[in-house]
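Here are the chains, one letter per residue:
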Amino acid sequence: MGEAFIERIEAVIVDLPTIRPHLLSMAVMRKQTMVIVRLFCSDGIEGLGEATTIGGLSYGDESPEGMKLTIDTYVAPLLQGKPAGSANALMALLNYHIQGNYFVKSALETAVLDAQGKRLGVPVAALLGGAITQTLPVLWTLASGDTTKDIQEAQNLISSGRHHTFKLKIGRNAPKTDIAHVSAIKATLGSDIKVTVDVNQAWSEGVAKQGIAQLQEAGIDLIEQPIIKSNFEGLARLTHYFRVPIMADEAAGTVADAFKLAKLGGGSVFALKIAKSGGLINIQKQAAIALGAGISLYGGTMLEGTIGTVASAQVFSTLPNLDWGTELFGPLLLTDDIVKKRVTYANGGLEIPQGPGLGLELDLNQVEKYKRK
Ligand code: MUC
Ligand code: MG
């Protein structure tokens, strides 16, 4: 049998309802939109990938509609007929012909790795050097916008054993209001429960200096992306100034961003996301930079559905310095799914599917139901 090649690539936009509105500083999510990539190969194997962003164009600079157009118009014709087995070769080709578009590249690379894993009968993590763990710790984000509801939600999740660490999204309200909200939640949950805060770039450096001082005082464990992503030096100043760890999220986009931040000391933790970095293989490159610089890692999410979440989990499971665990709870924010078997969350963690590739199967009836018409 000769080498398999790529026959066809399909991109489908799917809208799935969320269990409740999810409030971030820059957007309110009432549904999640994902672009599902189906990569059909000449040996009959299909690879799956996912390109998902948050709130249309309010978080990243690729929209679901734009990502589908990019795949249909530029990516599919470029990859059609090419050997399917080498993600490195295919990504080099994509990077040569297509600038930016990291979310799209991540989805394509995921589909190539999924197909190759299925072909060889191994999980994607095995193609990336092998997994260190088959489960990953997962926190939950409290983002209903209401302090009492958030506390109730956290207490229910603690007693069911599903999560024991929580992230709070702030930056929509005046700092004083947000800090009171965070402090009330932390005080109620107590010192055994870790609480982190994501400002999603909403504060100026001056406001951040005052706000973080109060959050540190309230016992918050980690501060995520307090200021605009382009202010690397400001992030370094805050990292040096405070005892509480500062995490770079939006700032730590690409491999080059990770290198520049590491050089400056911008952040003592990096939030890694396959969509920001342009794929799973780049996550390992960012992780190597962090390892060399003594920076801790956190497995981030673009609030992907099951395919993007499992792709992230496959690469995160290979990282030795994932000190802050992960936030791979995306599928739990959705009322329904498009895969045949949903992933399992228990005891504060995600069980990573161990089947070939991503270990997932698309449910075509569900895709039809939620597909944008
Ligand atoms: C972000 O910036 O971290 C991740 C979890 C969540 O609730 O929002 C995302 C985005
Ligand atoms: Mg964040």
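Residues numbered from 1 in each chain as written. Chains lettered and ligands numbered in written order. Predicted model: local features only at pLDDT ≥ 70, side-chain atom pairs only at ≥ 80, totals over all residues. Heavy atoms only, no water.

Some details on the side chain of Lys 273
Definition in use: Where helices and strands are cited, they refer to DSSP runs of H or I of at least four residues and of E of at least two residues respectively, numbered from the N terminus. Think of it in three bands: residues with accessible area under 20% of the maximum for their type are buried, residues over 50% are exposed, and the middle band is partly exposed, with areas taken using a 1.4 Å probe on protein chains only. What qualifies as a polar contact is a pair of N or O atoms within 3.5 Å, subject to a donor-acceptor requirement within protein and to the restriction that residues adjacent in sequence count only when both atoms come from side chains. Here, residues are in contact when the closest pair of their heavy atoms is within 4.5 Å.
Position of Lys 273 relative to the elements: it lies in the loop between strand 10 (269–272) and helix 10 (274–277). Lys 273 gets classed as buried once you look at its relative accessible area, which sits at 3%. Side-chain polar atoms of Lys 273 contact the side chain of Tyr 59, separated by 3.0 Å. In this structure, Lys 273 is in contact with Tyr 59, Asp 249, Ile 283, Gly 300, Thr 301, Met 302 and Glu 327, ignoring residues within four places of it in sequence.

Overview of the pattern of salt bridges
We count it as follows: Only one rule defines a salt bridge in this text: a Lys or Arg side-chain nitrogen within 4 Å of an Asp or Glu carboxyl oxygen.
This structure, assessed with the given rule, holds 21 salt bridges. Across the pair Arg 237 and Glu 205 runs a salt bridge whose closest N-O atoms are separated by 2.7 Å. Residue Arg 237 is found in helix 8 (residues 232–241), and its partner Glu 205 is found in helix 7 (residues 205–217); the two are separated by 32 residues along the sequence. Relative accessible area serves as the criterion here: at 23%, Glu 205 is assigned to the partly exposed category. The partner of Lys 340 in a salt bridge is Glu 361, and the shortest N-O contact between them spans 3.0 Å. Taken as a pair, Lys 340 in the loop between helix 12 (306–316) and strand 12 (344–346) and Glu 361 in the loop between strand 13 (349–351) and helix 13 (364–370) lie far apart in primary sequence, 21 residues in all.

Looking at the domain arrangement of the chain
Worth spelling out the cut-off: How far each domain reaches was decided by an automatic or database domain assignment. The quantity reported as buried area is the accessible area (1.4 Å probe) lost by two parts once they are put together, taken as the sum for both. Here the nonpolar group is Ala, Val, Leu, Ile, Met, Phe, Trp, Tyr, Cys and Pro; Asp, Glu, Lys and Arg are the charged ones; every other residue, Gly included, is treated as polar.
The domains assigned to the chain are domain 1 (6–121 + 365–370) and domain 2 (127–351). When each unit is reduced to the centre of its C-alpha atoms, the spacing between domain 1 and domain 2 is 23 Å. With 42 residues of domain 1 at the contact, the number on the domain 2 side is 43 residues. The largest per-residue losses of area from domain 1 upon contact with domain 2 belong to Arg 20, Ser 25 and Tyr 59, which jointly make up 18% of the total buried on that side. Our count for the contact surface shared by domain 1 and domain 2 stands at 2 salt bridges. A salt bridge links Asp 336 to Lys 369, with the shortest nitrogen-to-oxygen separation between them at 3.9 Å. Along the contact surface separating domain 1 from domain 2 lie 20 residue pairs in polar contact (both at pLDDT 80 or more). Among the elements of the structure, strand 1 (6–23), strand 2 (28–41), strand 3 (46–52), helix 2 (87–97), helix 3 (102–120) and helix 13 are those that each provide at least two residues to the side of domain 1 that touches domain 2. A total of 10 residues in the side of domain 1 that touches domain 2 trace back to one element, the largest contributor, which is helix 3. Considered class by class, the residues forming the side of domain 1 that touches domain 2 number 24 nonpolar, 13 polar and 5 charged.

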